[in-house]
Amino acid sequence: MTQFNDSFVRCINDPLFLDQFYEVFLASSDEIRAMFKDTDMGTQKAMLMTSLVYMSDAHKDTPGLLASIAEKHDKDHLNIKPYFYALWLDSLIAAAKSIDPLFDVKTEMLWKETLQQGIDFMISKYEPCLDDA
Ligand code: HEM
């Protein structure tokens, strides 16, 4: 996983990475843009940065911080429908591609594999009632 981690670190150390991500992500859907219309994007970027670090280690810490983020995004709270996560991942990869000069097909596969684990976890918590049953 060194190849993923090296790429990930190059991205998160570049202050333009999350600017680039939100630019692509917000442009990908009117519905998404509307959800963030009153959001302080500076705070949002800082929070996303923390959660990305947890997601990059998702296998180690999935139940920790991600559980509370997943609850916040579930049907009873922000109601982030599962299909939005594909746009989220595509936008993040587009940003990584533009920031990391060493990004290649293999790196892209590793980004997808790693982050998909965190996304699967978030989506598995979307319907809180199913969990409680
Ligand atoms: C795995 C993917 C995602 C992660 C790790 C993530 C992470 C976060 C975090 C850490 C927060 C701040 C939570 C807090 O206030 O305590 C947040 C808020 C939010 N997220 Fe996500 N998110 C993800 C995917 C998405 C997607 C796909 C959407 C929508 C399409 C979305 C929409 C929002 C909105 C609308 C907020 C609230 C913004 C506000 O406070 O105004 N998120 N997210």
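Residues numbered from 1 in each chain as written. Predicted model: local features only at pLDDT ≥ 70, side-chain atom pairs only at ≥ 80, totals over all residues. Heavy atoms only, no water.

Student: Describe the environment of Ser51, and please don't skip the residues or the numbers.
Tutor: One can find Ser51 in helix H4 (residues 41–56). For Ser51, a relative accessible area of 8% puts it in the buried group. Residues Ser51 and Ser7, spaced 44 residues apart in sequence, show a C-alpha to C-alpha distance of 17 Å. Excluding anything up to four places from it in sequence, Ser51 contacts Leu65 and Ile69. (Helix = DSSP H or I, 4+ residues; strand = E, 2+ residues; numbered from the N terminus. Buried < 20%, exposed > 50% of the residue type's maximum accessible area, 1.4 Å probe, protein only. Contact = heavy atoms within 4.5 Å.)

Student: Lay out the packing of aromatic side chains with the relevant residues and their values.
Tutor: Inspection of the entire model under this criterion finds eleven aromatic pairs. Here Phe17 and Trp111 contribute two aromatic rings whose centre-to-centre distance is 6.1 Å and whose plane-to-plane angle is 65°, an arrangement assigned as edge-to-face. Taken together, the residues span a long stretch of sequence, with Phe17 in helix H2 (residues 16–27) and Trp111 in helix H8 (residues 105–124) at a distance of 94 residues. For the pair Phe17 and Trp111, one class covers both residues: buried. On the basis of an interplanar angle of 65° and a centroid distance of 6.2 Å, the ring pair of Phe25 and Phe36 is categorised as edge-to-face. With Phe25 in helix H2 and Phe36 in the loop between helix H3 (30–35) and H4, this pair connects stretches of sequence that are eleven residues apart. Assigned by exposure class, Phe25 and Phe36 land together as buried. (Phe/Tyr/Trp six-rings, centres within 6.5 Å; stacked < 30°, edge-to-face > 60°.)

Student: An account of the coordination of the iron atom of the ligand is requested, with residue identities and associated values reported.
Tutor: For the iron atom of the ligand, the protein supplies a single donor, His73 (NE2), at a distance of 2.1 Å. The residue His73 is located in helix H6 (residues 65–73) in this model. (Donors = N, O, S within 2.8 Å, 3.2 Å for Na, K, Ca; no water.)

Student: Tell me what's going on with the confidence of the model for the protein chain, and back it up with residues and numbers.
Tutor: A low pLDDT score tells you not to read the predicted coordinates there in detail. The predicted model of the protein chain averages 91 in pLDDT, with 91% of residues at 70 or higher. The weakest mean pLDDT in the protein chain belongs to helix H5 (residues 58–61) at 57; the strongest belongs to helix H7 (residues 84–99) at 98. (pLDDT = per-residue confidence, 0-100.)

Student: Help me get a handle on H4, residues and values and all.
Tutor: Compared with the 22 Å implied by 1.5 Å per residue over 16 residues, the 22 Å span of H4 between its first and last C-alpha is a close match. If you check the start of H4, you find a side-chain oxygen 2.9 Å away from the backbone N of Gly42, and it comes from Asp40. (Expected span 1.5 Å × (residues − 1). Polar contact = N/O pair within 3.5 Å; in protein donor to acceptor, adjacent residues only side chain to side chain.)

Student: Could you give an account of the site of the ligand, with specific residues and numbers?
Tutor: The environment of the ligand is formed by 18 residues, the closest being Phe36, Thr39, Lys72, His73 and Trp88. In this structure, an oxygen atom belonging to the ligand sits 2.6 Å away from a side-chain N or O atom of Thr39. A distance of 3.0 Å is found between an oxygen atom of the ligand and a side-chain nitrogen or oxygen belonging to Lys72. For the shell around the ligand, the secondary-structure elements that each account for two or more residues are H3, H4, H6 and H7. For the shell around the ligand, the leading source of residues is H4, giving four residues. A class-by-class count of the residues in the shell around the ligand yields 13 nonpolar, four polar and one charged. (Near = heavy atom within 4 Å. Nonpolar A, V, L, I, M, F, W, Y, C, P; charged D, E, K, R; others polar.)

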